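Notes for the structure review
Residue-level listing of the chains:
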Amino acid sequence: MSETTDKKRIFSGVQPSGKLTLGNYLGAIRNFAMLQEEYECLYCVVDLHAITVRQNPADLRRQTLEVLAQYLACGLDPEKSTLFIQSHVPAHAELAWILNCYSMFGELSRMTQFKDKSSKHSDNVNAGLFDYPVLMAADILLYQTDLVPVGVDQLQHIELTRNIAQRFNGIYSETFTMPEPYIPKTGAKIMSLQDPTRKMSKSDENANGFILLMDKPEDIMRKFKRAVTDSDGRIVRGEGKEGISNLIAIYALATGKTPEEVEAEFAGKGYAEFKPAVGEAVVEMLRPIREKTEDLLRNKDYLQQVYTEGAQRASYMARKTLDKVYRKVGFIKR
Ligand code: ATP
Ligand code: LTN
C-alpha cells in the first residue's frame, strides 16, 4: 500500500468484548470490506474501549485475535487496508487525553450508550466508561478520517466527535478533518431475534436473541425458527411487525435482494416457510467466514505479522496529527 494517496480516508473499530454477531457483520464489517476498494481504510480492534467493561484477561487476548481473524475472514485485505490493535498505537490514548480537555461533562452525560451501559453495569460505572466517546473521537480524528462506517447506534458518538473537532479547530485553526458517518440503508440496526424492539447485542443474556458469526448451522437454523414474530401472518414490513421487518432485512442482505423483492417473493406464504429460508440464507452467507476464521486462528504467526505491520503504518500516520496537536496547544517540542 502506498503511504499517501488521494483517496478519502476511512476509520472504524470493533470492540473485542465478546464474539461477533450478525449485527456487527451486517451493520459494520461487511461494509468495511466493500469500502476498501475505493478508500484508504484503517480498521482497528479497539481493546482500550473493551476494558471500560470488566474483561477476563485471557478472554480479552483471545477475543482480540478473533476479531482480527474475522476482519480477514470477512474480506479485509492487509495489502489494501491497515489492520491493527488500538493499544499498539499509543497515540490513541495520548490524543484522548488532550481531547478530554475539550470535551464537556454535560455533553458526555447525554450519551445514550453511557446511560445504557452504566445502568447495565451499575457496580462498575468507571471514568473510562464515561470517557469512552472521547477515546472514540481520538481514534477517528488521529487519522484525519473522512468517513466512519458504523451501525446507527454509534451515530451520536460521531456527532460528538464532530463537535469536539469543531471546537478544537475553532480555538486553534484547522487541525482535524470533519468526519462523516457512513450508515448502511439496510442493516444499520439488526434487532434481537427474541425482542425485536431491541438491537441484537453480543452481551444479551439470552443467546437465542443473537446469531454469532461462529454459530454452527444447526444453531442458526434453530434460532431463526424460534424468532419472535407477530400474529398477522403476512411477510411485509411495517409497524408492529418489527420481528418480520428484521427478518426481511436480514434475508435481503444475505441474498442480495431488496426488501421489496423479498416481500414479493414471499407474498401469500407463511412464517413457517419464511423463517427457515432466512436461516438457510444466513448459514450459507456465514459458512465461508466461519471456515476461514477457524483456519486463520490456527495461524497465529500470520495474525501477528498483520497486526505488527498494521500498527507500524498506523503509528506513522497518527504521529503526524499528534505532533500538530501538541504544537497547537503549546507543548514544547521534544
Ligand atoms: P456490545 O453489544 O458489547 O455493546 P456492540 O456489538 O454494540 O457491543 P461493537 O462490537 O464495538 O459494539 O460494534 C461494532 C460495530 O457493529 C459498530 O459499528 C456497531 O454500530 C455495529 N453494530 C453492533 N450491533 C449492531 C446491530 N445490532 N445492528 C447493526 N450494527 C451493529
Ligand atoms: N464505539 C464503537 C467502536 C469504536 C469505533 C471507533 C467505531 C471505537 N472507536 C472509531 C468507529 C470509529 C462501537 O461500535 N461500540
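Coordinates for the structure precede this section.
Bear in mind that the values here come from a model prediction, so they are computed numbers and not experimental data.

**Overview of the pattern of salt bridges**
Summed over the entire model, instances satisfying the criterion amount to 22 salt bridges. With a shortest N-O distance of 3.3 Å, Arg62 and Glu66 are connected by a salt bridge. Of this pair, Arg62 and Glu66 both sit in helix 3 (residues 57-73), separated by four residues, roughly a single helical turn. On the basis of relative accessibility, which here comes to 37%, the residue Arg62 falls in the partly exposed class. In this structure Glu66 comes out as buried when scored by relative accessible area, which is 15%. We note a salt bridge from Arg298 to Asp295, for which the minimum N-O separation is 2.9 Å. Several salt bridges converge on common partners, so that one network encompasses Lys19, Asp59, Arg62 and Glu66.

**Some details on the site of ligand 2**
Taken together, 13 residues surround ligand 2, and among them His49, Tyr132, Met136, Asp139 and Gln154 come closest. Between ligand 2 and Gln15, the relevant distance is 3.5 Å, taken from a nitrogen atom to a side-chain nitrogen or oxygen of the residue. Between ligand 2 and Gln154, the relevant distance is 3.0 Å, taken from a nitrogen atom to a side-chain nitrogen or oxygen of the residue. Relative to its unbound accessible surface of 370 Å², ligand 2 loses 91% to contact with the protein. Elements represented by at least two residues in the shell around ligand 2 include exactly strand 1 (9-14) and helix 7 (127-142). Among the elements that line the shell around ligand 2, the one with the most residues is helix 7, at four residues. Residue composition of the shell around ligand 2, grouped by class: seven nonpolar, five polar and one charged.

**What to know about the site of ligand 1**
Near ligand 1 you find 21 residues, and of these Asp153, Ile190, Lys199, Ser201 and Lys202 are the closest. A distance of 2.8 Å separates a nitrogen atom of ligand 1 from a polar backbone atom of Ile190. Contact between ligand 1 and Ser201: an oxygen atom at 2.7 Å from a side-chain N or O atom of the residue. Contact with the protein chains removes 94% of the 610 Å² of surface that ligand 1 exposes when unbound. The class makeup of the residues in the shell around ligand 1 is six nonpolar, ten polar and five charged.

**Here's the deal with the nonpolar core**
Residues Leu22, Tyr71, Phe224, Phe274 and Leu286 are the most contacted members of the largest nonpolar core, which totals 62 residues. When residues no more than four places from it in sequence are discounted, the contact partners of Phe274 are Ile235, Ile244, Leu247, Ile248, Tyr251, Val262 and Phe266. Of all hydrophobic cores here, the second largest spans 42 residues; its members include Ala91, Leu129, Ala137 and Ala311.

**Regarding the pairing of strand 2 (residues 40-45)**
The side chains of a regular strand alternate between the sheet's two faces. When you tally the buried positions in strand 2, you get six out of six residues, the bulk of the element. Here strand 2 shows a buried face lined by Glu40, Leu42 and Cys44 and a second buried face lined by Cys41, Tyr43 and Val45. Looking at chain direction, strand 1 and strand 2 are connected through six bridges and run parallel. Looking at the pairing, Gly13 lines up with Cys44 of strand 2. With helix 1 (residues 22-35) bridging strand 1 and the parallel strand 2, this β-α-β connection has right-handed handedness.

**Some points on the packing of aromatic side chains**
Centre distance and the angle of the planes are the two values used to describe a pair of aromatic rings. Within this structure, the stated rule accounts for 16 aromatic pairs. Centre to centre, the rings of Phe168 and Phe176 are 5.1 Å apart; their planes meet at 55 degrees, and the pair counts as tilted. Take Phe168 and Phe176: they sit in the same class, and that class is buried. Geometrically, the ring pair formed by Tyr251 and Phe266 is edge-to-face, given 5.5 Å between the ring centres and 80 degrees between the ring planes. Pair noted here: Tyr251 is in helix 10 (residues 242-255) and Phe266 is in the loop between helix 11 (259-265) and helix 12 (271-297), with a separation of 15 residues, a long-range link. With respect to burial, Tyr251 and Phe266 carry one shared label: buried. Put simply, the rings of Tyr102, Phe168, Tyr172 and Phe176 touch in pairs and so form one group of aromatic residues.

The rules we used
- Residues numbered from 1 in each chain as written.
- Chains lettered and ligands numbered in written order.
- Predicted model: local features only at pLDDT ≥ 70, side-chain atom pairs only at ≥ 80, totals over all residues.
- Heavy atoms only, no water.
- Salt bridge = Lys/Arg side-chain N within 4 Å of Asp/Glu carboxyl O.
- Helix = DSSP H or I, 4+ residues; strand = E, 2+ residues; numbered from the N terminus.
- Buried < 20%, exposed > 50% of the residue type's maximum accessible area, 1.4 Å probe, protein only.
- Near = heavy atom within 4 Å.
- Polar contact = N/O pair within 3.5 Å; in protein donor to acceptor, adjacent residues only side chain to side chain.
- Areas by Shrake-Rupley, 256 points an atom, 1.4 Å probe, with all protein chains shown as cover.
- Nonpolar A, V, L, I, M, F, W, Y, C, P; charged D, E, K, R; others polar.
- Core = buried A, V, L, I, M, F, W, Y, C linked by side-chain atoms within 4.5 Å.
- Contact = heavy atoms within 4.5 Å.
- Pairing = 2+ DSSP bridges.
- Right-handed = clockwise from strand over helix to strand, strands pointing away.
- Phe/Tyr/Trp six-rings, centres within 6.5 Å; stacked < 30°, edge-to-face > 60°.

Fair warning: the whole summary comes from geometry, so function is off the table for now.
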